[in-house]
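What follows is each chain in one-letter form.
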Number of protein chains: 2
Amino acid sequence: MTISVATAPRQQRPSANGTRDRILDAALDLFADRSYEGATTREIAARAGVTQPLLNYHFHSKDELWTSAVDRLFSQFNQALGARRDGLHGVDDLSIAKLMIREFIYFSAAHPQLHRIITQECKADNTRMDWLVQTHVRPLYDTTVSLFSQLVARGEVPAIAPTNLYYILTGAGATMFVLAPECRRLSGIDPMDPRAIEAHADAVVEILFGPSAGTRANRTAPKQSRGAVTSSAKGDS
Amino acid sequence: MTISVATAPRQQRPSANGTRDRILDAALDLFADRSYEGATTREIAARAGVTQPLLNYHFHSKDELWTSAVDRLFSQFNQALGARRDGLHGVDDLSIAKLMIREFIYFSAAHPQLHRIITQECKADNTRMDWLVQTHVRPLYDTTVSLFSQLVARGEVPAIAPTNLYYILTGAGATMFVLAPECRRLSGIDPMDPRAIEAHADAVVEILFGPSAGTRANRTAPKQSRGAVTSSAKGDS
DNA sequence: TTTCATTCTATTCATTTGATTAGGTATTGA
DNA sequence: TCAATACCTAATCAAATGAATAGAATGAAA
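So, here's what we can say about the structure. (Residues numbered from 1 in each chain as written. Chains lettered and ligands numbered in written order. Predicted model: local features only at pLDDT ≥ 70, side-chain atom pairs only at ≥ 80, totals over all residues. Heavy atoms only, no water.)

With an RMSD of 0.0 Å, the fit of chain A onto chain B corresponds to turning through 180 degrees and sliding 0.0 Å along the axis. Here the symmetry operator amounts to a two-fold rotation axis. Relative to the rotation axis, the closest C-alpha in chain A is found at G171 of chain A, a distance of 2.0 Å. Looking at the interface residues of chain A, 100% of them are also at the interface in chain B, so both copies use one shared face. (Least-squares fit on C-alpha atoms with pLDDT ≥ 70 in both. Contact = heavy atoms within 4.5 Å.)

Okay, here's the thing in structure tokens:
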């Protein structure tokens, strides 16, 4: 009824979107590499190609910048898992579990920052960790535990407590990518190579579900979710 | 200077040894928790109960303090592995592998700093990581790969490439303890509880070597290597 | 005792850090 | 056109950080 006196907030400039995302990209990389305290706002700004005060313009503080970057990362992760799950109808739980594990491994390879950031914030008396666990990790854990509990109950997976299974799965799946620089030096293998990712997914699934479980029959093409997920990068005519 | 009579260098004061080790303890904890850049020398000093300039007296720089703390940690780790291995004569390789894995898990539970520090330093263009890999991780990796290659060749372990096996093993074994604060909140389980440690060792061994491989038959009493192992990494004479 | 190296603290310094301020530019809507 | 607003930079601040300096306390050796 009331006439639109409340003029809609002025549109964001097109350039701003790109900048915001570049800042979030740089922030996520540096937070994951150097930890929250170790990553300086100046270095983040430099990597994003902007000046340091701009970070405090788009985000009120370093803390909010961290939160925004982590939010976006988990959003991408849940989107990847959800997209995979949506493509499955009438598939048995065992196959679903295998495919979800593979999707987790693909994402961990493309975005090792996820596991790195969890690890770095995982220390006593850390408010960022409280937020991280409650907001993002908890639902993931609950879903995983619920799925595996059913499989264990049916004997399709070794009878191991769900929590142990959760950390065995996440640790086995993500560690090689989290420690990619080390892996390259130790073995000469580049874990980020698509074939190496596929081989690792095979290995983890085979170890968890027994031999011949990790063969190509259960594979799915890694979704190549590497690059910018954001709808930015619209062609600037 | 003249012949200097080679008077044996004056003995260290008794109190100094204790102080040095307290500093190393505090440094290791804080480096593992907050990363190299995030851990401040003042906070380390405070936790050790000394003033900050004392760190630069015992160690020339923050970097040398980090190196000394990591050196001592790996020395303790190798000592634990070696002590376990020395107690085994005429034992088959498969059993040795299981016991070494258990020892790794026990140590990871008592000293999650080891995996945490490796993870934190694992980033491109990092001289600390170069030193860490070459000095401490490389021999560990080579030994592990060599042992597992034999087991795989004999079909006693799933046919998985050694590098993948290495990261599956370390990730599955250490992650729950590295993420202990998270685990406590998610599951209510305290991973540092001795029974929880034992259960996790059982789980990892069972997953790697098949069912009934992780039963009590293959267990060894966790060496309770919690406290100060230090015959402290020999002060440079 | 005296000597003297070892151990430790108080003070200080030059940088770096996150954040703020003031100002400048450009796009939008009327 | 012309204000209003979104976007971005230069300059700066107070607090912190690693390191250096000077010097006190301690105890072993002469």
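Throughout the structure, instances matching the rule amount to 32 salt bridges over all chains. For R72 of chain A, the salt bridge goes to D21 of chain A, with nearest N and O atoms at 3.3 Å. With R72 of chain A in helix α4 (residues 62–86) and D21 of chain A in helix α1 (residues 14–38), this residue pair connects regions lying 51 residues apart in the sequence. The buried category is assigned to D21 of chain A, whose relative accessible area is 17%. Close ionic contact of E43 of chain B with R34 of chain B constitutes a salt bridge, the shortest N to O distance being 2.7 Å. A relative accessible area of 29% places E43 of chain B in the partly exposed class. The class for R34 of chain B is partly exposed, based on a relative accessible area of 24%. (Salt bridge = Lys/Arg side-chain N within 4 Å of Asp/Glu carboxyl O. Helix = DSSP H or I, 4+ residues; strand = E, 2+ residues; numbered from the N terminus. Buried < 20%, exposed > 50% of the residue type's maximum accessible area, 1.4 Å probe, protein only.)

Time to look at the packing of aromatic side chains. For the coordinates displayed, the defined rule picks out 12 aromatic pairs over all chains. Relative to F107 of chain B, the ring of F77 of chain B has its centre 4.8 Å away and its plane inclined at 50 degrees; by these criteria the two rings are tilted. On the criterion of sequence distance, the pair formed by F77 of chain B in helix α4 (residues 62–86) and F107 of chain B in helix α5 (residues 93–110) is long-range, its members being 30 residues apart. Judged on exposure class, the residue F77 of chain B and its partner F107 of chain B are both buried. Through successive ring pairs, a cluster of aromatic residues spans F77, F104 and F107 of chain A. We note K62 of chain A situated over the ring of Y36 of chain A; from NZ or CZ to the ring centre the distance is 4.7 Å. In this structure, K98 of chain B packs its charged tip against the face of F209 of chain B, placed 5.6 Å from the ring centre. (Phe/Tyr/Trp six-rings, centres within 6.5 Å; stacked < 30°, edge-to-face > 60°. Lys NZ or Arg CZ within 6 Å of the ring centre and 35° of its normal.)

Residue and element names in this part refer to chain B. Taken N-terminus to C-terminus, the directions of helix α8 (residues 162–178) and helix α10 (residues 194–209) make an angle of 160 degrees; their axes are 10 Å apart at the nearest point. Here α8 lies roughly antiparallel to α10, going by the angle between them. The chirality of how α8 crosses α10 is right-handed. Here L165, L169, A172, G173, M176 and F177 of α8 come into contact with α10, specifically with A196, I197, H200, V204 and L208. Tallied by class, the residues present in the contact of α8 with α10 amount to 9 nonpolar, 2 polar and no charged. (Axes fitted to C-alpha atoms, helices over the stretch in contact; angles between N-to-C directions. Parallel < 35°, antiparallel > 145°, perpendicular 65-115°, else oblique. Left-handed = near helix turned anticlockwise from the far one by under 90°. Nonpolar A, V, L, I, M, F, W, Y, C, P; charged D, E, K, R; others polar.)

Just distances and angles here, no functional claims.
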